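Here are the chains, one letter per residue:
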Amino acid sequence: MRNTKILAGSSHPELAALVTKRLGTPLSECTLKKFSNKETNDVFIIQSGSNNMNDNIIELCIMIQAARIGSGKRITAVLPYFPYCKQSKRKGRTSITAKLVANMLAVAGVDHIITMDLHASQMQGFFQRPVDNLYAEPVIARWITQTVPNWQNGVVVSKNAGGAKRVTSLADALRLDFALIHKDRSRMGPQGQNRPYSGMPKSGEGDSTVRVYEEEATAAKEDAAALTASISSLNDTGANGDILNAAVTVVADKDGESTITLVGDVNGKVAFLTDDIIDNVGTFVDAADHLVKKCGADKVYIIATHGVLSGDAIKKIQACDSVYKLVVTNTFPIPKEKIDQCSKLIVIDISNTLAEAIRRTHNGESVSYLFNHAE
């Protein structure tokens, strides 16, 4: 690409090298104080979030301002993982940190932002500059169809109701059914006293069955036989001794107990447990155990775009027998020592999508094609 400079921060040099290799454009040195005498039309700065998030943000802002002072005509920040993207709304008296980062980039002098799978799509309204929010879904869908045996007998599962839109989009792309997991937190928590009772029995209290209401009694009997994920008991086995009928799992957390219920059917199928970010894996592990041990899923693939994997998350995934594979993209840098600790971890290369977005932006082409195609 002519009259173009591609810079990379220190957060994810491996991904930057893959992107520039795809583009056939060498990576420029970041120590340059200014460019050549003639004006550079496009500057692309690749800087993803990492474990040193604050350093990455400041470094990116410094590089943007340096490119602006160095006569860069249009400066594009490429952030595969947008820092603090989960802090996009107020919870109590907290700050909206994602909005703060967007303002910092604008003040530094950025003209355009390319990112991938923002935690909430409405975050694009935080920016004072144009934003292209790319999706990893086409690449993930291609990986599933090319790699997973018997993927046609699969179900895309969301671990909570908030991810339903993301899951249904992937399910439509694969033409598969979808399901979601509902986690009903205990009334023992700090805000649990005033919450209405959902009708779900608690552990050790009263009759452990949930009545099912239907308009016609005969239809209820026929439907109950077909629902492999029906709610019947909190015990390990149902009334007829079939473990598949025990579709409610009670798990303990810091706020008390929670019940996990599946809405959908995964019996004998491959479950693709999907979300945009996987950080603390507690909810993923609980959901995988529920799908395999309570609902009869054949295998569980945990799939996420951004593999943050804080703390001992990798060890928990490796120790969980219900998780068959953990699949993430390389938007977030994962240290080699963590990769070596988990034989279940698979990292999908997303550099081709980012490289094509950079090429199309430089040539003035639309990037909408990438929303539905892997490259």
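Residue numbers here run from 1 along each chain, matching the order of that chain's written sequence. Since the coordinates come from a predicted model, pLDDT governs what is reported: local features require at least 70, and pairs of side-chain atoms require 80 or more to be given and counted, while whole-chain, interface and lining totals use all residues. Calculation of side-chain values draws on the structure's entire complement of heavy atoms; hydrogens and water are dropped beforehand.

For helices the rule is a DSSP run of H or I covering at least 4 residues; for strands it is a run of E covering at least 2, with both sets numbered from the N terminus onward. Assigned secondary structure in the chain consists of 10 helices and 13 strands. Note on contacts: a residue pair qualifies if any of its non-hydrogen atoms lie within 4.5 Å across the two residues. Relative to all contacts within the chain whose residues are 6 or more apart in sequence, the contacts with residues 24 or more apart total 66%.

This brings us to the side chain of Ser351. Among the secondary structure elements, Ser351 is positioned in helix 10 (residues 351-363). Classification of Ser351 by relative accessible area gives buried; the value is 0%. Setting aside anything within four residues of it in sequence, one finds Ser351 in contact with Leu15, Leu18, Val19, Arg22 and Asn330. Throughout this description, buried means an accessible area under 20% of the type-specific maximum (1.4 Å probe, protein chains only), exposed means over 50%, and partly exposed covers the range between.

Quick look at the nonpolar core now. The set of buried Ala, Val, Leu, Ile, Met, Phe, Trp, Tyr and Cys residues whose side-chain atoms join them within 4.5 Å is what this entry labels a nonpolar core. With 39 residues, the main nonpolar core has Val19, Ile144, Val148, Val156, Leu174, Phe272 and Leu354 as its most contacted residues. The element contributing the most residues to this core is helix 4 (residues 137-147), with 5 residues. Look past the residues within four positions of Val19 in its chain and what remains in contact with it is Ile46, Ser351, Leu354, Ala355 and Ile358.

Secondary-structure assignment places Ile140 in helix 4. Given the relative accessible area of 6%, Ile140 is considered buried. When sequence neighbours within four positions are dropped, the list of residues in contact with Ile140 reads Ile303, Thr305 and Ile348.

Moving on: the pattern of salt bridges. By definition here, a salt bridge exists when the distance from a side-chain nitrogen of Lys or Arg to a carboxyl oxygen of Asp or Glu is within 4 Å. In total, this model carries 13 salt bridges according to the counting rule given. Note that Arg22 is salt-bridged to Asp349, the shortest N-O span being 3.3 Å. Here Arg22 is found in helix 1 (residues 13-23), whereas its partner Asp349 is found in the loop between strand 13 (345-348) and helix 10, with 327 residues between them in sequence. Arg360 is the salt-bridge partner of Glu356, the closest N and O atoms lying 2.9 Å from each other. Of this pair, Glu356 and Arg360 both sit in helix 10, 4 residues apart, which is roughly one turn of the helix.

So, on to the confidence of the model for the chain. Averaged over all residues, the pLDDT of the chain equals 81, while 78% of them reach at least 70. Mean pLDDT per element in the chain: helix 6 (residues 217-226) is the minimum at 46, and strand 12 (residues 325-329) is the maximum at 96. pLDDT gives the predictor's per-residue confidence on a scale running from 0 to 100. The low-confidence segment residues 187-246, where pLDDT is below 50, has 71 contacts with residues more than four positions distant or belonging to other chains.

Before going further, it helps to examine the pairing of strand 5 (residues 131-134). Of the two faces of strand 5, both are covered, the one formed by Val131 and Asn133 as well as the one formed by Asp132 and Leu134. Where strand 4 (residues 112-116) meets strand 5, 4 bridges bridge the pair, whose relative direction is parallel. What sits directly across from Ile113, in strand 5, is Val131. At least two DSSP bridges between two strands are needed for those strands to be called paired.

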